[in-house]
Amino acid sequence: MTVEPQAIADAVRPSPRGPVQPDRRNPAPRGRAVSASPAAVQFLHVVKRYGTTMALDDVSFAVPRGEMAALVGPNGAGKTSILEMIMGLRRPDAGSVLLDRRGGRAGPTAPTALRIGAQLQDSRFYGQMTPHDYLRLFARLEPGGISPESLIADFGLDAFVDRRIAGLSGGQRQRLALALSVINDPDLVILDEPTVGLDPIARQDFWALIRRLHDGGRRTLLFSTHYMEEVRSLATSVLMLSRGRLVATGSVDAVVATARGAASLDEAYATLVGQGTITGAAA
Ligand SMILES: Nc1ncnc2c1ncn2[C@@H]1O[C@H](COP(=O)(O)OP(=O)(O)OP(=O)(O)O)[C@@H](O)[C@H]1O
């Protein structure tokens with residue numbers, strides 16, 4: 001999907017607190033300081049509530065351009081809220097969401113020319129349409145993007161491109177959703193749990209597709225996942241969330257080092273997220 005510049009502008013709000021400063025009450029997460037380098041995405045003291053639920057509690061981080069950043073944390077930690085805010089689908093209650101911003105100065109910013117592609121958790125398709133129908137439709141909406149033919153070849157859609165989506169497997173639909181996420185040739189790609197529900201072999205096939213989206217760092221990728229092996233295999237940096245707060249950021253090694261005594265990312269997750277054991281499929 002593409003987010004209109006205005007939607008992004010709507011999501012960008014000046015920080016009530018001004019530039020990022022060491023915050024004595026809420027220090028930056030351990031592992032790596034908030035980056036001041038050119039960032040594709042920057043959150044400054046973002047707060048998001050849904051009624052009485054505090055989904056994001058003073059979250060600050062930066063994803064430099066060209067990174068493949070993994071967003072991890074247990075169910076309800078706030079991952080989708082972050083991704084949806086980047087896409088302009090939700091607004092922060094406080095703080096700023098800045099896109100494609102050079103430097104770390106907080107304040108109003110012009111609409112960005114950054115092109116965003118996204119694959120959301122609940123990509124819903126009309127069952128009567130075929131992948132080919134979708135690719136042609138999106139190509140018309142995104143003139144100058146990547147051609148349907150290239151995407152069919154790159155994402156291995158040939159075998160089912162003319163079948164009705166109602167009859168496709170979950171993995172085939174996810175493959176289509178990934179292809180559609182880059183049809184506008186985006187600079188920034190957002191993937192919300194792109195491999196959820198896939199069998200182990202299909203998941204590893206998807207890693208190759210996700211690397212293709214990243215294109216050697218030509219694009220910035222931010223993906224959420226519960227699979228630590230996926231983080232180890234794909235991510236150049238990690239954002240670890242627990243109960244709406246960032247608990248560690250940085251490279252996999254930096255995050256492991258953040259959790260004293262942890263010998264692996266899985267152990268670091270267990271320690272920092274504070275559950276003692278790793279839930280779900282995060283092993
Ligand atoms: N529309 C909403 N209305 C009320 N509460 C919401 C809404 N969306 C999210 N929440 C709550 O906000 C918190 C963060 O939710 P979010 O979906 O961002 O977490 P998540 O890390 O993506 O979870 P999951 O791994 O289960 O997808 C949760 O407590 C969730 O119940």
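Refer to the structure presented above.
Residues numbered from 1 in each chain as written. Predicted model: local features only at pLDDT ≥ 70, side-chain atom pairs only at ≥ 80, totals over all residues.

K.L.:
What is the right way to look at the overall build of the protein chain in this model?
P.N.:
When helices and strands are tallied, the protein chain shows 9 helices and 9 strands. Residues counted as buried form 45% of the 283 residues belonging to the protein chain. For the protein chain, the proportion of contacts with a sequence separation of at least 24, taken over those separated by at least 6, is 72%. (Helix = DSSP H or I, 4+ residues; strand = E, 2+ residues; numbered from the N terminus. Buried ≥ 20, exposed ≤ 12 C-beta atoms within 10 Å, placed from the backbone. Contact = placed C-beta atoms within 7 Å.)

K.L.:
Would you explain the pairing of strand S2 (residues 53-64) in this entry?
P.N.:
Looking along a regular strand, one sees the side chains alternate between the two faces of the sheet. Where strand S1 (residues 39-50) lies against S2, 9 bridges are found, and the strand directions are antiparallel. From the neighbouring strand, arginine 49 faces S2, where its bridge partner is methionine 54. Linkage of S1 to S2, two consecutive antiparallel strands, is achieved through a turn of 2 residues, within which glycine 51 is found at a positive phi near 60°. (Pairing = 2+ DSSP bridges.)

K.L.:
I would appreciate a short explanation of unusual backbone geometry in the present structure.
P.N.:
Most peptide bonds adopt trans geometry, and most residues besides glycine take a negative phi value. At aspartate 58, a position not held by glycine, the phi torsion is positive, near 60°. Its location among the elements puts aspartate 58 in strand S2. If you check the backbone angles, aspartate 185 has positive phi at about 50° while not being a glycine. Mapped onto the secondary structure, aspartate 185 falls in the loop between helix H5 (170-181) and strand S6 (188-192). On the neighbour-count criterion, aspartate 185 (14 C-beta atoms within 10 Å) is partly exposed.

K.L.:
Could you clarify how one ought to interpret H5 in this entry?
P.N.:
With 12 residues, H5 extends 16 Å between its outermost C-alpha atoms, agreeing within 8% with the 16 Å of an ideal straight helix rising 1.5 Å per residue. Residues of H5 that are buried make contact with strand S5 (116-119), helix H3 (131-141), helix H4 (148-154), S6 and helix H6 (200-214). (Expected span 1.5 Å × (residues − 1).)

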